[in-house]
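# Coordinate inspection notes
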Amino acid sequence: MSDTAKISLKALRKTFGPKVVLDSIDLDVLAGESMVIIGGSGSGKSVTLKCILGLLIPDSGSIKIDGTEMIGISGAKRKEILTKFGMLFQGGALFDSLPVWENVAFGLLAQRLYDRKDAQEIAIEKLRRVGLTPDVAFLNPAELSGGMQKRVGLARAIAADPDIIFFDEPTTGLDPIMADVINELIVECVKDVGATALTITHDMASVRKIADHVSMIYHGKMIWAGKKEDIDHSGNEYIEQFINGKAEGPIKMEILKS
Amino acid sequence: MNFLAVIGRIVFSFLDAAGRIGIFAVTAFSHMLTPPYYPRELFKQMMNIGYYSLPVVGLTTLFTGAALAVNISEGSSRFNAESTLPIIVVIGIVRELGPTLCGLIVAGRVSAAMAAELGTMRVTEQIDALTTLSTDPFKYLIAPRILATIIMVPLMLVVVADTIGVMGGYLLATSKLGYNSGNYMKATMDFLEVIDVAASLTKGAVFGFFIALMGCYHGFNTRGGAQGVGIATTNAVVSACIMILLSNYVVTEMFFSS
């Protein structure tokens, strides 16, 4: 399976001092598939994403993108491979020193793919794609609401028509209606671009809307993987507790009681 | 034994920090020399650092020049050496007070701003976002800031500080202390040597380098949230000021030690 996988993780391990955050993670994401990784806060979801992107260096294991090993790869080669990626950050991570259109077109300008005039036109088109009007293009990110910032982040993620798009907690901090709008946009945009999507979230509404396949991380280990349709009858007590949001179950929250 | 252990820890901690800052500086210089270049960012930083620092640098050195003239006048009158006032003012300002005051003021203004901006970008994942958009943060954020500061501090701010500082002494001496305008200017020009100006500009370049290096290093390595940004900003200003005063002595020795 891993031979044809767009993203393939094998025995990925990452520690911070004595704390083991990722413990032998295996994951395959096929081309065109939408994979969602679920798990509680601090379970290692974001670290997995950052290891794939090269923002963190794993202690051991393998990360392959289109069959190319990413660990130990040269900076130039990594940069070339990163041009295949789009990423929607949890907080938007918009550059507040730049107007919205330059945020959206940043990757296009950085790769010298277009001049500023053409890049601006593409940015406005991508903003329209996520339901924002052209006048938004000339505002600063600080002038936008949380939902609009997410949409701008989404427009930036799809601006260069990437092969792979990562979504880090795409609906965190949004009201349920805006969260659903963002989920719909993610599904549409991923289909439009024909990209492979990897999302991390603990929002089950997002999972049901976005996912083709679901994996669950708990305490740095991948404890379940399967199709979205199987999640409600997985037979896994961790999954059942998580999707039903119950305090009682095998997942223990680390709460210090006085 | 414990006392020695404490001393050892402090020494190792200092060497560790010095090593990290050294590697950061070498990395920044290597990125300055290799493409891609970001002239738009460089120009923006040059405006921020040079042009917008002019009023505060000009005002500070104007009053310092005037205060120096008052002090020298009073002191030199004790042994009938009032005629040395223009010489001491010009040498004092150009060799020492102009570049040093300018460096300390710019450290407070620019080093703090760089640390706060980069620190905020770090904690809001904007620096990670740059990486995912195929842009090296060192090339886009660090190299233009360091280069702009090395250019603007000596060639604009120190030149202005020296000129206005000498002018402050001249204005006070001619308007209040009864010095003849022509004689004052002649004495100033006769005793100002090329080596004085060269030392002043060299100090400006060295101070500019440390101002930007400390601001960028502490900002780029910010950890945590708002508190982390605050700590980074404080550390940037304090370490920049220490490096300015230390390097001031070293450069002075290089130029004027007999």
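Residues numbered from 1 in each chain as written. Chains lettered and ligands numbered in written order. Predicted model: local features only at pLDDT ≥ 70, side-chain atom pairs only at ≥ 80, totals over all residues. Heavy atoms only, no water.

The next point concerns empty space enclosed by the protein. Scanning all chains against the criterion turns up two cavities of 30 Å³ or more. Computed from the structure, the largest cavity encloses a volume of approximately 100 Å³. As for the largest cavity, its lining consists of 17 residues, of which A:Phe85, A:Gly107, A:Arg156, A:Ala160 and B:Leu133 are closest to the centre. When residues of the lining of the largest cavity are traced back to their parent elements, those giving at least two are strand 6 (85-88), helix 3 (100-110) and helix 5 (146-158) of chain A. For the lining of the largest cavity, the domains that each give at least three residues are domain 1 (1-84 + 162-258) and domain 2 (91-161) of chain A. Reported here for the second largest cavity is a volume of approximately 40 Å³. Around the second largest cavity, the lining residues are A:Ser46, A:Leu49, A:Lys50, A:Leu53, A:Met87, A:Phe89, A:Asp168, A:Ile200 and B:Glu125. Looking at which element gives the most residues to the lining of the second largest cavity, the answer is helix 1 (residues 45-53) of chain A, with four residues. Here the residues of the lining of the second largest cavity are counted per class, giving five nonpolar, one polar and three charged. (1 Å grid on protein atoms, 1.4 Å probe; cavity = no way out; pocket = protein on both sides within 12 Å on 5 of 7 lines; lining within 4 Å. Points joined across faces, edges and corners; volume = space filled by probe spheres on them. Helix = DSSP H or I, 4+ residues; strand = E, 2+ residues; numbered from the N terminus. Domains from an automatic or database assignment. Nonpolar A, V, L, I, M, F, W, Y, C, P; charged D, E, K, R; others polar.)

A few words now on the sheet that holds strand 2 (residues 19-30) of chain A. Residue and element names in this part refer to chain A. Pairing is antiparallel across the open sheet formed by four strands, whose spatial order is 2-1-4-5. One side of each edge strand has no neighbouring strand; the edge strands of this open sheet are strand 2 and strand 5 (68-69). Pairing of strand 1 (residues 5-16) with strand 4 (residues 60-65) involves five bridges; the strand directions are antiparallel. Opposite Ile7, over in strand 4, you have Ile65 as the bridge partner. (Pairing = 2+ DSSP bridges.)

Before going further, it helps to examine the packing of helix 1 (residues 2-33) of chain B against helix 6 (residues 137-175) of chain B. All names here are of chain B. Running from N to C, helix 1 and helix 6 cross one another at 90°; their axes reach a closest spacing of 9 Å. Between helix 1 and helix 6, the crossing angle belongs to the class labelled roughly perpendicular. Every residue of helix 6 that contacts helix 1 at Phe24, Thr27, Ala28, Phe29, His31 and Met32 is listed here: Phe138, Lys139, Ile142, Ala143, Ile146, Leu147 and Ile150. Counted by class, the contact of helix 1 with helix 6 contains 10 nonpolar, two polar and one charged residues. (Axes fitted to C-alpha atoms, helices over the stretch in contact; angles between N-to-C directions. Parallel < 35°, antiparallel > 145°, perpendicular 65-115°, else oblique. Contact = heavy atoms within 4.5 Å.)

One pass over the full model with this rule turns up 15 aromatic pairs over all chains. Between the aromatic rings of B:Phe255 and B:Phe256, the centroid separation amounts to 6.0 Å while the plane-to-plane angle is 40°, which identifies the pairing as tilted. Members of the aromatic cluster, joined through ring pairs, are A:Phe95, A:Phe106, B:Tyr38 and B:Tyr140. Its guanidinium or amino end placed over the ring of B:Tyr38, A:Arg112 lies 5.6 Å from that ring's centre, counting from NZ or CZ. The aromatic ring of B:Phe220 is capped on one face by B:Arg122, whose charged end is 4.7 Å from the ring centroid. (Phe/Tyr/Trp six-rings, centres within 6.5 Å; stacked < 30°, edge-to-face > 60°. Lys NZ or Arg CZ within 6 Å of the ring centre and 35° of its normal.)

Residues and elements named next belong to chain A. Structurally, Ser34 is set in strand 3 (residues 34-38). Polar contacts involving the side chain of Ser34 include one to the main-chain carbonyl oxygen of Ile210, which spans 2.9 Å. The residues touching Ser34, leaving out its near neighbours within four places in the chain, are Ala197, Ile210, Ala211, Asp212 and His213. (Polar contact = N/O pair within 3.5 Å; in protein donor to acceptor, adjacent residues only side chain to side chain.)

Attention now goes to the interface of chain B and chain A. Counting residues at the interface gives 18 residues for chain B, matched by 25 residues for chain A. Here chain B and chain A share an interface that buries about 1,800 Å² over both sides, 57% of which is from carbon and sulfur atoms. The tally of links from chain B across to chain A stands at two salt bridges. B:Asp128 is the partner of A:Lys50 in a salt bridge, and the nearest nitrogen-oxygen pair spans 3.8 Å. Viewed at the interface, chain A and chain B are joined by one residue pair in polar contact (both at pLDDT 80 or more). (Buried area = accessible area lost by both parts, 1.4 Å probe. Salt bridge = Lys/Arg side-chain N within 4 Å of Asp/Glu carboxyl O.)

A word on the layout of surface pockets. Put simply, the largest pocket is a space of about 1,300 Å³. In terms of lining, the largest pocket is formed by 39 residues, of which the most central are A:Leu55, B:Arg122, B:Ile127, B:Asp128 and B:Phe220. Contributing elements (two or more residues each) for the lining of the largest pocket: helix 1 and helix 2 (75-82) of chain A together with helix 1, helix 4 (85-123), helix 5 (126-132), helix 6 and helix 8 (194-220) of chain B. No other element matches the six residues that helix 1 of chain B contributes to the lining of the largest pocket. Looking at the lining of the largest pocket residue by residue, the classes come out as 16 nonpolar, 11 polar and 12 charged.

All names here are of chain A. Along its sequence, chain A is organised into domain 1 (1-84 + 162-258) and domain 2 (91-161). Distance between the C-alpha centres of domain 1 and domain 2: 25 Å. Taken together, the contact pairs 18 residues of domain 1 with 12 residues of domain 2. The largest contributions to the domain 1 side of the interface with domain 2 come from Pro162, Leu185 and Cys189, which together make up 34% of the buried area.

As a further point, take unusual backbone geometry. For the bond from B:Pro35 to B:Pro36, the omega torsion is 5°, close enough to zero to count as cis. Note on placement: B:Pro36 falls in the loop between helix 1 and helix 2 (39-49). With a phi close to 50°, A:His219 is a non-glycine residue in the positive phi region. Of note, A:His219 is situated in the loop between strand 9 (213-218) and strand 10 (221-227). The class for A:His219 is partly exposed, based on a relative accessible area of 49%. (Buried < 20%, exposed > 50% of the residue type's maximum accessible area, 1.4 Å probe, protein only.)

What follows deals with helix 4 of chain B. Side chains that are three or four residues apart share a direction in an α-helix, a result of its 3.6 residues per turn. Residue and element names in this part refer to chain B. When the terminal C-alpha atoms of helix 4 are compared, their 53 Å separation across 39 residues agrees well with the 57 Å that a helix rising 1.5 Å per residue should span. Along its length, helix 4 reaches its greatest deviation from straightness, about 55°, at Ile93. Looking one or two places after helix 4, you find Glu125, whose phi comes out positive at around 65°. (Expected span 1.5 Å × (residues − 1). Bend = angle between axes of the 7 residues up to and from the residue.)

The next point concerns the nonpolar core. Ranked by internal contacts, the top residues of the largest apolar core, which has 80 residues, are A:Ile7, A:Ile52, A:Phe85, A:Phe166, A:Leu198, B:Ile142 and B:Ile146. In terms of residue count, helix 6 of chain B provides more of this core than any other element does, 12 residues in total. In this structure, this core is formed jointly by two domains, domain 1 (1-84 + 162-258) and domain 2 (91-161) of chain A, each of which donates at least three residues. Leaving out residues up to four positions away in the same chain, A:Phe85 has contacts with A:Ile52, A:Leu53, A:Ile65, A:Pro162, A:Ile164, A:Phe166 and B:Thr132. Grouped together as the second largest cluster of nonpolar side chains are 49 residues, A:Leu132, A:Leu154, A:Ala211 and A:Ile239 included. (Core = buried A, V, L, I, M, F, W, Y, C linked by side-chain atoms within 4.5 Å.)

Once that is clear, we can look at helix 3 (residues 54-76) of chain B. A rise of 1.5 Å per residue sets the reference length of helix 3 of chain B, with its 23 residues, at 33 Å; its end C-alpha atoms lie 32 Å apart and thus fit the reference within 8%. Within the sequence span of helix 3 of chain B, burial applies to B:Val57, B:Gly58, B:Thr61, B:Gly65, B:Ala66, B:Leu68, B:Ala69, B:Ile72, B:Ser73, B:Gly75 and B:Ser76.

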